[in-house]
Amino acid sequence: MASNKSRWCLALAVVVALVLCLGAPGVDSARILVVIAMPAPSHLIVFTALTRALADRGHQITLVCPSPKTDKLLPTHNHHIVSVQNSTVMDFKLKSVKKFMTGDKQDLISSMISFFNWGPQLVRATLLHPNFKAEVDTPNQKFDLVITEAFFIQEAMIALGHKFNAPVIALNPFGASPQINQFMGNSINPAWVPNLFLGFGGHLTFSERVINTVASTGMDLVYKFLQFPQQQALVSELFPSAPPLTDLLRNQLALVLVNNHHSLSFPVPMSPGVVEVGGMHITKKPKPLPKDLKDLMDGAKDGVVYFSMGSNLAMEYMPKQKTEAIFGALGSIKQRVLLKWDGPVPDTGVPSNIHIIKWAPQSDVLAHPNLRVFVTHGGLLSTQEAVYHGVPLVGIPVFADQDFNMRLATRKGFCEQVDFATLTQEGLSSALQKVLGSPSYKEAASLLSRLFRSKPTEPADLAVFWVEHVLEHGGAHLRPSNVDLSLYQLLLVDVILALLVPLVLAILILRAIFRWCCCRSKKGSSASGQPSKAAKAKKTN
Ligand SMILES: *[C@@H]1O[C@H](CO)[C@@H](O)[C@H](O)[C@H]1NC(C)=O
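Residues numbered from 1 in each chain as written. Predicted model: local features only at pLDDT ≥ 70, side-chain atom pairs only at ≥ 80, totals over all residues.

- An unreviewed UniProt entry lists the chain under the name UDP-glycosyltransferase UGT5, from Frankliniella occidentalis.
- Under the heading Sequence similarities (unreviewed entry), UniProt records this for the chain: "Belongs to the UDP-glycosyltransferase family." (UniProt positions renumbered as here; feature names shortened; annotations may be inferred.)

If you want it as structure tokens, here you go:
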């Protein structure tokens, strides 16, 4: 009896052990330092989608970010949060947002320079913050891996990998930027690969190729001579014993995860060290909506239009005449409108079909079958969520990547774009009528949705796989050798010369031999040569 029982126990123990083995991470629980410097909810959403998935695999996450510890977006399970809020950094962000929302036009160069100057501020504010010094930058801290935003004006963060003797993974909140291509060995030819920041489609016309080439070269030069030296100076200042930034980028940076998917942009060649994980933040199964929202959407017999300018662009900063245009356009349609407005809500002049909400579970709202159109600022996460659920867009881009996200969406046929600077009620109404009135927008959105969802692995699982791969193997084997070549080698100048020189020499030698032979034969026949000339002269006469 007792032996029978113990045999059962043994069998059970074996089964439990097997299940645990199969379910346990391939890599032992690792200590991962994740640093976000950018105070933008959209960045936090992308990063925490990854850290949540890593924490679920048993890894220990130290998450350094500029949000307060009480932020509802922040995970808790297996997470240690280090809050590095800084008022200077926040001021810059709020001022910029205000400027963009009020529609002040700035010249490109000065806004670019002030943006680049913000980079060192972000890095300093994070790495010199008292909380970072006390909780991360201590003598006995050990990490197996560092994950940072690196290619978003914070390349200096890669030196953290040197400090902790750990590989670094850069998670980019958007697609593969020109610098990611350059440092990770994506073979990019401006003849056909559109620069991410120009909003071109997959097939370039001649004039687009000219712009693509000139603009990309210009951006490269600005990066090389303006932004990179700033970041190098930061490395020298904050990590005096670290090697130069170029070496860090080559040896410490193991992998780049980009928040993009080729169905959303265009297919381009990717080195194995750059992995597209776009859509990590989207939960596959929509959660049930809160009761009031559900009733409102279920009961909308003409459908629902959802309006949101995202998490950064506070509606209260928008000039009155623009909000009036928006209310006017949305108030004149027969659909119910859900309008996300996070500031003080205007108490008069809100049309009766408009329901103002402070916050919405956006992805779940977009998943509702009655949703007809999403009026959006065109942030990448919103665009991804709309594509995932096959919802057509009216895009009102304001700043950053929003404009080229919406231009791409328009090219792909599921969006009508409205200019924010010259926003009028008529303009917005006409865009809304087009998207509500023609089935082509919905069809294009549904097609893209199927392409976006058709993947062998969920993006968060894919990201976790690659993080654990780097934990186990590093990233040196993922980098193509083109990163070690100089420009003349990449353009094959040396090879072309090496092939051309012998060819030219051979032609010259052959020509010399031929001439020599000719001369000899001429000399041999020189006696008959003269009369023949005379004969020719006679003939022509
Ligand atoms: C914020 O960070 C900057 C560096 O970017 C620093 O000079 C400043 O003292 C910090 N502000 C506070 C309040 O800690």
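1. What to know about the UniProt feature "transmembrane region" (unreviewed entry) in the chain
Part 1 of the reasoning: As recorded in UniProt, the feature "transmembrane region" (unreviewed entry) lies at residues 487–514.
Part 2 of the reasoning: Regarding residues 487–514, the helix share stands at 93% and the strand share at 0%, and the terminal C-alpha atoms are separated by 39 Å. (Helix = DSSP H or I, 4+ residues; strand = E, 2+ residues; numbered from the N terminus.)

2. Focus: the site of the ligand
Part 1 of the reasoning: Taken together, Asn86, Ser87, Thr88, Gln121, Arg124 and Ala125 are the residues near the ligand.
Part 2 of the reasoning: Of all elements in the fold, only helix 3 (87–102) and helix 4 (108–127) reach the threshold of two or more residues within the shell around the ligand.
Part 3 of the reasoning: Examining the composition of the shell around the ligand, we find that three residues originate from one element, helix 4, more than from any other. (Near = placed C-beta within 6 Å.)

3. Describing helix 8 (residues 206–238)
Part 1 of the reasoning: The terminal C-alpha atoms of helix 8, which comprises 33 residues, lie 46 Å apart, in line with the 48 Å expected from a rise of 1.5 Å per residue.
Part 2 of the reasoning: The sharpest bend along helix 8 comes to roughly 40°, located at tyrosine 223.
Part 3 of the reasoning: All buried positions along helix 8 are accounted for by Asn212, Ser216, Gln227, Gln231, Leu234 and Val235. (Expected span 1.5 Å × (residues − 1). Bend = angle between axes of the 7 residues up to and from the residue. Buried ≥ 20, exposed ≤ 12 C-beta atoms within 10 Å, placed from the backbone.)

4. A few points about the nonpolar core
Part 1 of the reasoning: Among the nonpolar cores identified, the biggest contains 75 residues, and Val34, Leu145, Ile158, Ile169, Leu257 and Ala463 are the most heavily contacted of them.
Part 2 of the reasoning: Among the elements that make up this core, the one with the highest residue count is helix 2 (residues 41–56) (eight residues).
Part 3 of the reasoning: Judged by nonpolar contacts, the second largest core, of 54 residues, contains Phe307, Trp341, Leu428 and Tyr441. (Core = buried A, V, L, I, M, F, W, Y, C linked by C-beta atoms within 7 Å.)

5. Observations regarding the packing of helix 2 against helix 17 (residues 459–473)
Part 1 of the reasoning: Between helix 2 and helix 17, the least distance of the axes is 9 Å, while the angle of their chain directions is 65°. One finds that helix 2 runs roughly perpendicular with respect to helix 17. Pair helix 2 / helix 17 crosses with right-handed handedness. Within the contact between the two elements, helix 2 uses Ala49, Leu50, Ala53 and Leu54 and helix 17 uses Ala460, Ala463, Val464 and Val467.
Part 2 of the reasoning: Its residues placed into classes, the contact of helix 2 with helix 17 shows eight nonpolar, no polar and no charged. (Axes fitted to C-alpha atoms, helices over the stretch in contact; angles between N-to-C directions. Parallel < 35°, antiparallel > 145°, perpendicular 65-115°, else oblique. Left-handed = near helix turned anticlockwise from the far one by under 90°. Contact = placed C-beta atoms within 7 Å. Nonpolar A, V, L, I, M, F, W, Y, C, P; charged D, E, K, R; others polar.)

6. A few points about the environment of methionine 38
Part 1 of the reasoning: Assignment of secondary structure puts methionine 38 in the loop between strand 1 (31–35) and helix 2.
Part 2 of the reasoning: In this structure, the C-alpha to C-alpha distance between methionine 38 and phenylalanine 152, residues 114 residues apart in sequence, is 8.6 Å.
Part 3 of the reasoning: Apart from the residues within four sequence positions on either side, methionine 38 is in contact with His43, Leu122, Glu149 and Phe152.

7. Describing the domain arrangement of the chain
One widely used convention gives an interface's size as the accessible area the parts lose upon coming together.
Part 1 of the reasoning: Each assigned domain of the chain is listed here: domain 1 (31–282 + 458–487) and domain 2 (291–453).
Part 2 of the reasoning: A C-alpha centroid distance of 29 Å is found between domain 1 and domain 2.
Part 3 of the reasoning: Domain 1 puts 25 residues into the contact, and the matching count from domain 2 is 28 residues.
Part 4 of the reasoning: Of all elements in the fold, only helix 2 and helix 3 reach the threshold of two or more residues within the side of domain 1 that touches domain 2.
Part 5 of the reasoning: For the side of domain 1 that touches domain 2, the element with the highest residue contribution is helix 3, accounting for five residues.
Part 6 of the reasoning: Tallied by class, the residues present in the side of domain 1 that touches domain 2 amount to eleven nonpolar, twelve polar and two charged. (Domains from an automatic or database assignment.)

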